[in-house]
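Remarks on the overall topology
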Amino acid sequence: MTTQTMSAPEVYQGQFGNFTITESDRTSVIIYRTGLMVAAVSFAIGSGLVLFFPQPAAIQAITPLYTCFSLALGVSLLTIHIYMASLHRILQLFWIIGSISAFIFGHFDSQPFAITVYNEPLTLFGVGFTFAALTGIFFKEGFCFNRLETKILTPLVPLLLLGHLTGILSTQSEQILLGIWAICFLVFALRKTVQAIPADIGDKSVFDYLKNQRLAKI
C-alpha cells in the first residue's frame, strides 16, 4: 500500500503580506496567453494577406480573421491580471466599443470589412477602440516586464492608426509599420509562452489590499 503526499503550495512574500498561487490563478494566465497567441497569429495572417496577397478572396478572408483576433483579445482582457481595477474595466469597455463598431461596419456595408476600414478612416473612431485596448496590454506588459517588443508596439499602434486617420502616412510607410506590428506582436506572444506563470499573476497581496480599500469606501 502506497500513500500519496501533496506538496504544500509555495508561499510568496508580497508587499502587503504572504500569498499563494492557486490552480485557478494558473489557469487564468494560460487562458490569457492563449488568447494573445490566437490574436497574434490571426493578426499576422491577416497582415500577411494585406501585404503580400491583396486579392479579393484574401481581402474577404480578413473578416473572419479579424473576428478571431477580436474574440481572442476579449478573452485575454477578461483574464489579464491588472492591479488597477478601473484600468482593467476601461480596457474591457474599449474592446466592447470596438467590437460593436466592427460588427456594424462588417455587416451593414456592402464592401469587405478591411476595405471599409481602409477607405473610410473615420471608422477608426469606433473600430480603433479595440486597438486602444490592445495598446493598453502592450503598455502594461512593457511597464511590468521591460519587453522591447511591447515598447515598440505601444507607440507604433497609435502612430499607424492616427497616421492613417489623418492621411499623413504614405502607403509604403503604413505597410512597413503594419509589418513591424505583426512581427513584434508575434514575438511578444511567443515570449509569453515561456515566461514563468507567477510573473503574470503578480503580487496577490496588492490585489487584496486594493480590494479592501475599495470595500472600506463603500
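Check the entry above for the structure.
Reading guide: rules and limits
Residues numbered from 1 in each chain as written. Predicted model: local features only at pLDDT ≥ 70, side-chain atom pairs only at ≥ 80, totals over all residues. Heavy atoms only, no water. Core = buried A, V, L, I, M, F, W, Y, C linked by side-chain atoms within 4.5 Å. Buried < 20%, exposed > 50% of the residue type's maximum accessible area, 1.4 Å probe, protein only. Helix = DSSP H or I, 4+ residues; strand = E, 2+ residues; numbered from the N terminus. Contact = heavy atoms within 4.5 Å. Phe/Tyr/Trp six-rings, centres within 6.5 Å; stacked < 30°, edge-to-face > 60°. Axes fitted to C-alpha atoms, helices over the stretch in contact; angles between N-to-C directions. Parallel < 35°, antiparallel > 145°, perpendicular 65-115°, else oblique. Left-handed = near helix turned anticlockwise from the far one by under 90°. Nonpolar A, V, L, I, M, F, W, Y, C, P; charged D, E, K, R; others polar. Salt bridge = Lys/Arg side-chain N within 4 Å of Asp/Glu carboxyl O. Polar contact = N/O pair within 3.5 Å; in protein donor to acceptor, adjacent residues only side chain to side chain. Expected span 1.5 Å × (residues − 1).

**Some details on the nonpolar core**
Formed by 37 residues in total, the largest nonpolar core has its most connected members in Phe69, Phe131, Trp181 and Phe185. Of all elements in the fold, only α1 (23-52), α2 (56-79), α3 (85-107), α4 (113-119), α5 (124-145), α6 (148-166) and α7 (171-193) reach the threshold of two or more residues within this core. With eight residues, α7 is the single largest residue contributor to this core. Apart from the residues within four sequence positions on either side, Trp181 is in contact with Phe43, Phe131, Leu134, Phe138, Leu153, Leu156, Val157, Leu160 and Leu161.

**Quick word on the packing of aromatic side chains**
Aromatic ring pairs are described here by two measures, namely the spacing of the ring centres and the angle between the planes. Overall, the coordinates contain twelve aromatic pairs when judged by the stated rule. Here Tyr66 and Phe113 contribute two aromatic rings whose centre-to-centre distance is 4.9 Å and whose plane-to-plane angle is 45°, an arrangement assigned as tilted. Of this pair, Tyr66 sits in helix α2 while Phe113 sits in helix α4, and the two are 47 residues apart along the sequence. Each member of the pair, Tyr66 as well as Phe113, carries the same accessibility label: buried. Feature note: the residues Phe43, Tyr66, Phe69, Phe113, Phe131, Phe138, Trp181, Phe185 and Phe188 constitute an aromatic cluster, connected by ring pairs.

**Quick notes on the packing of α1 against α7**
Across the interface, α1 lies against α7 with an axial gap of 9 Å and an inter-helix angle of 155°. Classified by the interaxial angle, the pair formed by α1 and α7 is roughly antiparallel. Helix-helix and strand crossings are classified by hand; for α1 and α7 the assignment is left-handed. Mapping the contact onto sequence places Tyr32, Arg33, Leu36, Met37, Ala39, Ala40, Val41, Phe43, Ala44, Ser47, Val50 and Leu51 in α1 and Gln175, Leu178, Gly179, Trp181, Ala182, Phe185, Leu186, Phe188, Ala189, Leu190, Lys192 and Thr193 in α7. In terms of residue class, the contact of α1 with α7 is built from 18 nonpolar, four polar and two charged.

**Examining the pattern of salt bridges**
Within the structure shown, the criterion is met by five salt bridges. The salt bridge involving Glu149 is made with Arg191; its shortest N-O contact spans 2.9 Å. Note that Glu149 is positioned in helix α6 and Arg191 in helix α7, a separation of 42 residues in sequence. The buried category is assigned to Glu149, whose relative accessible area is 6%. With relative accessibility at 37%, the residue Arg191 sits in the partly exposed group. We note a salt bridge from Asp200 to Lys192, for which the minimum N-O separation is 2.7 Å. A residue is classified by how much of its surface remains accessible, and Asp200, at 4% relative accessible area, is buried. When its relative accessible area of 0% is taken as the criterion, Lys192 is described as buried. Through salt bridges with shared partners, a single ionic network connects Arg33, Lys140, Glu141, Lys192 and Asp200.

**Some words on the side chain of Ser76**
Counting through the fold element by element, Ser76 comes out in helix α2. With a relative accessible area of 0%, Ser76 lands in the buried category. A polar side-chain atom of Ser76 sits 2.8 Å from the main-chain carbonyl oxygen of Tyr32. In contact with Ser76, other than residues within four places in its own chain, are Tyr32, Gly35 and Leu36.

**Section: the side chain of Thr130**
Structurally, Thr130 can be placed in helix α5. A relative accessible area of 0% places Thr130 in the buried class. Once residues within four sequence positions are removed from consideration, Thr130 is found in contact with Tyr66, Phe69, Leu73, Phe94, Trp95, Gly98 and Ser99.

**Brief notes about α7**
Over its 23 residues, α7 runs 34 Å from end to end, which matches the ideal 33 Å to within 8%, given 1.5 Å per residue. Among the residues making up α7, those that are buried are Glu174, Leu177, Leu178, Gly179, Trp181, Ala182, Cys184, Phe185, Phe188, Ala189 and Lys192. Those residues of α7 that are buried are in contact with α1, α2, α4, α5, α6 and α8 (197-201).

These values are about where atoms sit, not about what they do.
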